[in-house]
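Residue-level structural notes
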Amino acid sequence: MDDTELSHVLSYHVSRPVFNEESFRAHLNKREKRKSSIKEKFLQYFRCSTVKAKAKLFSFIPILLWLPSYPIKEYILGDVISGLSTGVMQLPQSLAYAILASVPPVFGLYTSFFPVLLYMVFGTSRHVSVGTFAVISLMVGGVAIKLVPDDMFVDSLNVTNDSLALSERDAMRINVAAATAFLTGILQSFLAVCKSIKETNVATIIVGGICVVILFGVKEVNARCKDRFVAPIPVELIVVIISTGVSAGINLAGNYEVDVVGYIPTGLRTPVLPDLSLLSAVLADSVAIAVVAFSMTISMGKIFALKHGYTVNGNQELIALGISNFIGSFFQTFPIGTSMSRSLVQESTGGKTQVAGGLSACVVLLVIVAFGYLFEPLPQTVLAAIVMVNLKGILKQVMDIPLLWQTSKHELTLWSVSFIASLLLGLDYGLVVAIGFAIFGVVFRTQSPKYRILGQVPNTDIYWDVEAYEEVQEIPGIKIFQSNSSLYFGNVDMYMSALQEKIEIDPSAILLAKKSLEKKEKQKAKLAEGKKSIFLKLRKSQKESVIREVVLEDPQNVQKRISNIPKPEENQASAEADVPGENHDGKEQEAFVKSTSDIHSLILDFSPVNFVDSVGAKGLKMMLKKYEQIGIEVFIAGCNASVLADLERLKFFDSSTTRDLLFHRVHDAVLHCQYKVASELC
């Protein structure tokens, strides 16, 4: 009997009083909750122990948690390939994005080295590639040009010896960029477009145009053939090397007046304190840069975390970016962000941890200390071409308008307001307008969510918070979860986390543990073939090892240990458990044990939900599939007509996710679950 037939056959009859709020409270006994005093809360919060101190340390410096247990054999090859691929890509981008930031190219190299190493220590995402980023560099360049315009040096630039004036201008702009990074870092820690070209020439246009065509063509090949390549073709580095050689060979700077990178000092700079007198001038821009950089980092981090089954701590990401910018500013770096293109390369080439990021920084370091002078003849128009091509992905977002019109007009309105405000007011003020509009929309449409596990009031079809009344009891094998908020992009992660916490089941951890155990079982099965004699020998060695310890132990304990050694014919698999090189993960074992619980059904009470957007629908569908994979059926109860219309418009339903999982009331869903389980047991 399928689900559709069951829903038509089942019926129920309930006789109960009609309750209003007052009679309902009088009918039941209110559960008293003990309230802690302010002193108790204060002492509990500041109470310190070894475990708590260790947890705080690991939370603040995540590398201490994962690096000691780094599985070299499994991860090192992927991280090396990913690190080298990302480093090769980061090198030309750092030079190009420094031009966007209106500072000499060598400072792009510094920005791609110091902050990347710091993020490796303090960051929680395993796959994002931090460093120079086009949008952040563009915002920094706007600040630098605003505070240190070329007009300040126009008289000096017109004289014969203009190199001194250029150096002075660059030095002042570097101070502005470093001060911006300094203040951006502080803001992130505590808050847990280039100047138009005045002159050009034909040679510059030709060189830039050729580079754009080559970059576009090869990147398109990389995109279409990514499944065939171990790593994408490093077209940016190839273009940089070839153009540098051509420029040096025919002397583009001398013969055709093409601007080149120029002098690149060798070695690392001595750390200096940023110019603190500039902080007030760059305050507003630093706030905008801090928000943009964090938004990009946390967005990319969550995408990769969801794909690979781990979590990203938003507060720790703020700390990591803040420390990277703050300390990096002493080495005269400019603010960093997360590059979408480099992050995708780092993940797609097999990167497992931020070791790949550290290796990419080492590639940049090699250029800084040894080979930087080789890039001095590099035409700046080549770097401009790299910037233009890498902005393609951002510009292509205009193509999302038709999809947003069909799926979510609210998100389309937010997109339009952000775009128009940034276009008319600039990136800094446009960002402020966009954030204000988004906050207004969120506050207007939602409330602070409260999450509850519901139970049944005995002998009724009423379901209430199990923590509210003593008589309310959970139904065996069924968990009923309720949130009094709608499901949208701003709270979908909180919804999933609260659900896992309330029902005490993490499907991602269970699936990872199950996969690990299945892998170990396969290894055991291979060792078990024709090796029965191994167990006899192992049993003998275990007895001998126990007897040798008789001096240190009580004889009765020794005899008990010998008797507890499993015989090969009783439990052959137990002797196979200690496979050489295997590392049993206690957390995976615990998560796997959770999957053997007696919970067979999960009901989501959607009666308080007013709307679901595209992000919420995708998260909900992914959650349904995860729980289904661990043997828990998920049903949705209490959907109103508008929510059902949202799900249908967002194409939530398909052949695997049908409307049979929807019920008008929670009690209908409960009876359905109970009847189905009883039918399967018969």
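None of the values given here were measured: they were computed from a predicted structure. (Residues numbered from 1 in each chain as written. Predicted model: local features only at pLDDT ≥ 70, side-chain atom pairs only at ≥ 80, totals over all residues. Heavy atoms only, no water.)

1. What to know about the overall build of the protein chain
- Within the protein chain, the regular secondary structure consists of 32 helices and eight strands.
- Within the protein chain, the proportion of its 682 residues that are buried is 43%.
- A total accessible area of about 37100 Å² is found for the protein chain, and carbon and sulfur atoms account for 61% of it. (Helix = DSSP H or I, 4+ residues; strand = E, 2+ residues; numbered from the N terminus. Buried < 20%, exposed > 50% of the residue type's maximum accessible area, 1.4 Å probe, protein only. Areas by Shrake-Rupley, 256 points an atom, 1.4 Å probe, with all protein chains shown as cover.)

2. Points about the packing of helix α6 (residues 72-100) against helix α18 (residues 355-371)
- Between α6 and α18, whose axes approach to 7 Å, the crossing angle comes to 45°. Our classification of the angle between α6 and α18 gives oblique. Judged by the twist between their axes, the crossing of α6 over α18 is right-handed. On α18, the residues touching Asp 79, Val 80, Ser 82, Gly 83, Leu 84, Thr 86, Gly 87, Val 88, Gln 90 and Leu 91 of α6 are Val 355, Ala 356, Leu 359, Ser 360, Val 363, Val 364 and Val 367.
- Among the residues making up the contact of α6 with α18, the classes are represented as ten nonpolar, six polar and one charged. (Axes fitted to C-alpha atoms, helices over the stretch in contact; angles between N-to-C directions. Parallel < 35°, antiparallel > 145°, perpendicular 65-115°, else oblique. Left-handed = near helix turned anticlockwise from the far one by under 90°. Contact = heavy atoms within 4.5 Å. Nonpolar A, V, L, I, M, F, W, Y, C, P; charged D, E, K, R; others polar.)

3. A word on the packing of aromatic side chains
- Counted under the stated rule, the structure contains 15 aromatic pairs.
- Geometrically, the ring pair formed by Phe 481 and Tyr 495 is edge-to-face, given 5.3 Å between the ring centres and 85° between the ring planes. Here Phe 481 is found in strand β5 (residues 478-483), whereas its partner Tyr 495 is found in helix α24 (residues 492-503), with 14 residues between them in sequence. Here the two residues Phe 481 and Tyr 495 agree in accessibility, since each one is buried. (Phe/Tyr/Trp six-rings, centres within 6.5 Å; stacked < 30°, edge-to-face > 60°.)

4. Quick notes on helix α8 (residues 114-122)
- Within α8, seven of the nine residues are buried, which leaves the element mostly enclosed by the surrounding structure.
- Turning to α8, its buried residues are Phe 114, Pro 115, Val 116, Leu 118, Tyr 119, Met 120 and Phe 122.

5. Notes on the pattern of salt bridges
- Tallied over the entire structure, the rule returns nine salt bridges.
- In this structure, Lys 676 and Glu 633 form a salt bridge, with 3.0 Å as the shortest nitrogen-oxygen distance. With Lys 676 in helix α32 (residues 666-681) and Glu 633 in strand β7 (residues 633-637), this pair connects stretches of sequence that are 43 residues apart.
- The residue Asp 646 makes a salt bridge to Arg 649 at a minimum N-O spacing of 3.1 Å. One end of the pair, Asp 646, and the other, Arg 649, are both in helix α31 (residues 641-649), three residues apart, so they sit about a helical turn from each other.
- Owing to a relative accessible area of 36%, Arg 649 belongs among the partly exposed residues under this scheme. (Salt bridge = Lys/Arg side-chain N within 4 Å of Asp/Glu carboxyl O.)

6. A word on the pairing of β7
- Of all the five residues making up β7, four are buried; the element is thus mostly covered by neighbouring parts of the structure.
- Pairing of strand β6 (residues 601-605) with β7, which is carried by five bridges, proceeds in the parallel orientation. In the sheet register, Asp 605 faces β7, and the bridge partner there is Ala 637.
- Read as a crossover between parallel neighbours, the route from β6 over helix α30 (residues 614-629) to β7 is right-handed.
- Looking at chain direction, β7 and strand β8 (residues 662-663) are connected through two bridges and run parallel. Bridging across to β8, Ala 637 finds its partner in Phe 663.
- One crossover worth recording links β7 to the parallel β8 by way of α31, and it is right-handed. (Pairing = 2+ DSSP bridges. Right-handed = clockwise from strand over helix to strand, strands pointing away.)

7. Focus on the sheet that holds strand β3 (residues 451-456)
- Taken in spatial order, the six strands line up as β4-β3-β5-β6-β7-β8 in an open sheet, and their pairing is mixed. Strands at the two margins of the open sheet, each flanked by one partner only, are β4 (463-465) and β8.
- Inspection of the sheet shows β5 paired to β6 by five bridges, in the parallel sense. Paired with Gln 482 across the two strands is Asp 605, which belongs to β6.
- Those strands touched by α24 are β3, β5 and β6, and its axis lies near 45° from that of β3.
- Against the sheet, α32 touches β3, β4, β5, β6, β7 and β8, its axis set at about 170° to β6.

8. As for a positive patch on the surface
- On the surface, Lys 30, Arg 31, Lys 33 and Lys 502 cluster together into a positively charged patch.
- Relative to the elements of secondary structure, Lys 33 occurs in the loop between α2 (21-27) and α3 (38-46).
- Of the residues examined, Lys 33 reaches a relative accessible area of 55% and is grouped as exposed. (Patch = residues over 30% accessible without salt bridge, like charges linked within 9 Å, V, L, I, M, F, W, Y side chains within 5 Å. Lys, Arg positive; Asp, Glu negative; His and termini not counted. Charge placed at Lys NZ, Arg CZ, Asp CG, Glu CD.)

9. A few points about the environment of Val 246
- Mapped onto the elements of the fold, Val 246 is located in helix α13 (residues 235-250).
- Sequence separation between Val 246 and Leu 378 is 132 residues, and the spatial gap between their C-alpha atoms is 8.8 Å.

10. With respect to a nonpolar patch on the surface
- Residues Val 221, Phe 229, Ile 233, Ile 238, Ile 242, Val 246, Ile 250 and Tyr 256 make up a contiguous nonpolar surface patch of roughly 660 Å² in combined accessible area.
- Given a relative accessible area of 41%, Val 246 falls into the partly exposed group.

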